[in-house]
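Residues per chain are reported as follows:
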Amino acid sequence: MEFFKYTKTFNFMGKSKLAMILSIVLVLGSYVILATKGLNYGVDFAGGTVIQVKYDKTAPIDDMREKLKSNELFNGSSITEFGAPDEVVIRMKSTTASVTVDIGDVTREALKGTGNYEIRRVDIVGPKVGNELREKGVMSLILATIGILIYVAFRFEWRFAVASIFALVHDVSIALGAIAIVGLDVNLDVLAALLTILGYSLNDTIIVFDRIREGVTNNRNSDLAESINESVTRTLARTTLTSLTTFFVVFTLFIFGGEIIHAFAFTLLVGVVVGTYSSIFVASPILMWFGFSVKDYHAKLAKKAQREAEKERMRAQFESGVM
């Protein structure tokens, strides 16, 4: 079943300057937010302790704060709702000095008299481990980007690789800006979402680039902007349907998935929208602005075909015994 029939070519490149201005504003705005407000590193990267407490009624947060003040271990801690009024998390920047002290037992003792509750989860990450996780997280993003750069340059051409990396930097920058605006905790799940965005956005970009290369190869006299417009238009139905189905799935996770995967789902939601946009309005125009020439590309293909023909001729001579 074909939902969108190809009837005419849309002039995407004609809107590319306007789209790039929008992208530059969004990316620079994200960097300003990151520089001024910064990311709110969670316990995975900053270290500390997270205690999840569930009550049989609405959690008495004010009473809890008063009770926790009596214990120095909870100095500077914060209490926030966790998905429902009867469930809260206590975030502490510190951990217990002794491994023999059970922080769960300490919390139970401190919260006595606040009602019926249960300690559902206690996560402890030391500052050193948090720093190591943060460094490894940044390293994983850099290595993934370098790997993508090499793969796309090998599969296509260096201009395609650079254009795809610009698009990925664009997507991740805006996603980080959105995370900073809403003040989500940046933990390992957010890092996993950012890596997923890299893969998702690249997949869309590769499909468009593959169609552009096919159009340029088959039509010797075509203009690059026309080839890009036709390629993006022909892949538009596939891009739209894939993005919408992914968006609906992630949106369902965001609404009904609970607080545990809230940050992951939010980051992916932003990434799906921005990634779809960038594969059309960021990667392709950059390819054109980097001076990709249809004429030079055909000359390169002709040389490659000539080399292949020469190899084939020499192989045939060798097999027939004529040298």
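Before any of the text, the structure's been laid out above.
In what follows, the accompanying structure is described. (Residues numbered from 1 in each chain as written. Predicted model: local features only at pLDDT ≥ 70, side-chain atom pairs only at ≥ 80, totals over all residues. Heavy atoms only, no water.)

**With respect to the overall build of the protein**
Piece 1. When helices and strands are tallied, the protein shows 11 helices and 6 strands.
Piece 2. Computed over the C-alpha atoms, the radius of gyration of the protein is 27 Å, more than 25% above the 20 Å expected from 2.2 N^0.38 for a compact globule of 323 residues.
Piece 3. Restricting to contacts in the protein with at least 6 residues of sequence separation, those with at least 24 account for 79%.
Piece 4. Element-wise, carbon and sulfur atoms account for 61% of the exposed surface of the protein, whose accessible area totals about 18,000 Å².
Piece 5. Put simply, the protein has 34 plus and 33 minus side-chain charges, and the middle of one group is 8 Å from the middle of the other. (Helix = DSSP H or I, 4+ residues; strand = E, 2+ residues; numbered from the N terminus. Rg over C-alpha atoms; globule rule 2.2 N^0.38 Å. Contact = heavy atoms within 4.5 Å. Areas by Shrake-Rupley, 256 points an atom, 1.4 Å probe, with all protein chains shown as cover. Lys, Arg positive; Asp, Glu negative; His and termini not counted. Charge placed at Lys NZ, Arg CZ, Asp CG, Glu CD.)

**Regarding the environment of Tyr41**
Piece 1. Tracing the chain through its elements places Tyr41 in strand 1 (residues 40–41).
Piece 2. Sequence separation between Tyr41 and Ile228 is 187 residues, and the spatial gap between their C-alpha atoms is 40 Å.
Piece 3. Excluding its chain neighbours within four sequence positions, the residues that come into contact with Tyr41 are Ala46, Arg134 and Val186.

**Describing the layout of surface pockets**
Piece 1. The calculated volume of the largest pocket comes to roughly 520 Å³.
Piece 2. For the largest pocket, the lining is made up of 23 residues, of which Phe82, Arg91, Asp185, Asn187 and Glu259 are closest to its centre.
Piece 3. Of all the secondary structure elements, the ones that give two or more residues to the lining of the largest pocket are helix 2 (43–46), strand 3 (78–81), strand 4 (87–92), strand 5 (117–125), helix 7 (188–218) and helix 9 (262–281).
Piece 4. Its residues assigned to classes, the lining of the largest pocket comprises 9 nonpolar, 6 polar and 8 charged. (1 Å grid on protein atoms, 1.4 Å probe; cavity = no way out; pocket = protein on both sides within 12 Å on 5 of 7 lines; lining within 4 Å. Points joined across faces, edges and corners; volume = space filled by probe spheres on them. Nonpolar A, V, L, I, M, F, W, Y, C, P; charged D, E, K, R; others polar.)

**Notes on helix 3 (residues 61–68)**
Piece 1. Residues of helix 3 that are buried include every one of Ile61, Met64 and Leu68, and no others. Around the axis of helix 3, the buried residues are gathered within 55° of arc, so they sit on the same side. Opposite the buried face of helix 3, by more than 90 degrees, sit the exposed residues Asp62 and Glu66.
Piece 2. Lining the buried residues of helix 3 we find strand 2 (48–55), strand 3, strand 4 and helix 4 (103–110). (Buried < 20%, exposed > 50% of the residue type's maximum accessible area, 1.4 Å probe, protein only. Arc of directions from axis to C-beta.)

**Quick notes on the side chain of Thr205**
Piece 1. Tracing the sequence through the fold places Thr205 in helix 7.
Piece 2. Since its relative accessible area comes to 1%, Thr205 is described here as buried.
Piece 3. Residues within four places of Thr205 in sequence aside, it is in contact with Ser164, Ser279 and Ala283.

**Re the pattern of salt bridges**
Piece 1. Following the criterion strictly, the structure yields 14 salt bridges and no others.
Piece 2. Where Arg108 meets Asp105, a salt bridge forms, and the shortest distance between an N and an O atom there is 2.9 Å. Placement of both Arg108 and Asp105 in helix 4 is noted, with a separation of 3 residues, approximately one turn of the helix.
Piece 3. Note on Arg108: relative accessible area 36%, which makes it partly exposed.
Piece 4. Since its relative accessible area comes to 44%, Asp105 is described here as partly exposed.
Piece 5. Residue Arg238 is joined to Asp204 by a salt bridge in which the shortest nitrogen-to-oxygen separation is 3.0 Å. One end of the pair, Arg238, is in helix 8 (residues 224–256); the other, Asp204, is in helix 7, with 34 residues separating them in the sequence.
Piece 6. On the accessibility criterion, Arg238 (29% relative accessible area) is partly exposed. (Salt bridge = Lys/Arg side-chain N within 4 Å of Asp/Glu carboxyl O.)

**Here's the deal with the sheet that holds strand 4**
Piece 1. The 4 strands lie next to each other as 3-4-2-5, forming an open sheet whose pairing is antiparallel. The open sheet has two edge strands, strand 3 and strand 5, and neither has a second partner. The sheet shows a mean angle of 20° between the axes of neighbouring strands, direction not considered.
Piece 2. Strands in contact with helix 3 are strand 2, strand 3 and strand 4; relative to strand 3, the strand with the most contacts, it is inclined by about 160°.
Piece 3. Where helix 4 meets the sheet, it contacts strand 2, strand 4 and strand 5, and its direction lies at approximately 135° from that of strand 5. (Pairing = 2+ DSSP bridges. Axes fitted to C-alpha atoms, helices over the stretch in contact; angles between N-to-C directions.)

**Re the pairing of strand 2**
Piece 1. In terms of residue burial, strand 2 counts as a mostly covered element, since 7 of its 8 residues are buried.
Piece 2. Pairing geometry for strand 2 and strand 5, over 8 bridges, is antiparallel. For Gln52, the partnering residue across the bridge sits in strand 5 and is Arg121.
Piece 3. Bridge analysis of strand 2 against strand 4 gives 6 bridges, and the strand direction is antiparallel. In the strand pairing of strand 4, Val53 is matched with Val88.

**Section: the packing of aromatic side chains**
Piece 1. Taken as a whole, this structure holds 11 aromatic pairs when the rule is applied.
Piece 2. Relative to Phe45, the ring of Tyr41 has its centre 6.4 Å away and its plane inclined at 85°; by these criteria the two rings are edge-to-face.
Piece 3. Judged by its relative accessible area of 34%, Tyr41 falls in the partly exposed class.
Piece 4. With a centroid separation of 6.0 Å and 10° between ring planes, the pair formed by Phe247 and Phe251 is classed as stacked. Highlighted residues: Phe247 and Phe251, both in helix 8, separated by 4 residues, approximately one helical turn.
Piece 5. According to the relative accessible area criterion, Phe247 is partly exposed, its value standing at 27%.
Piece 6. Accessibility expressed as a relative area gives 37% for Phe251, which makes it partly exposed. (Phe/Tyr/Trp six-rings, centres within 6.5 Å; stacked < 30°, edge-to-face > 60°.)

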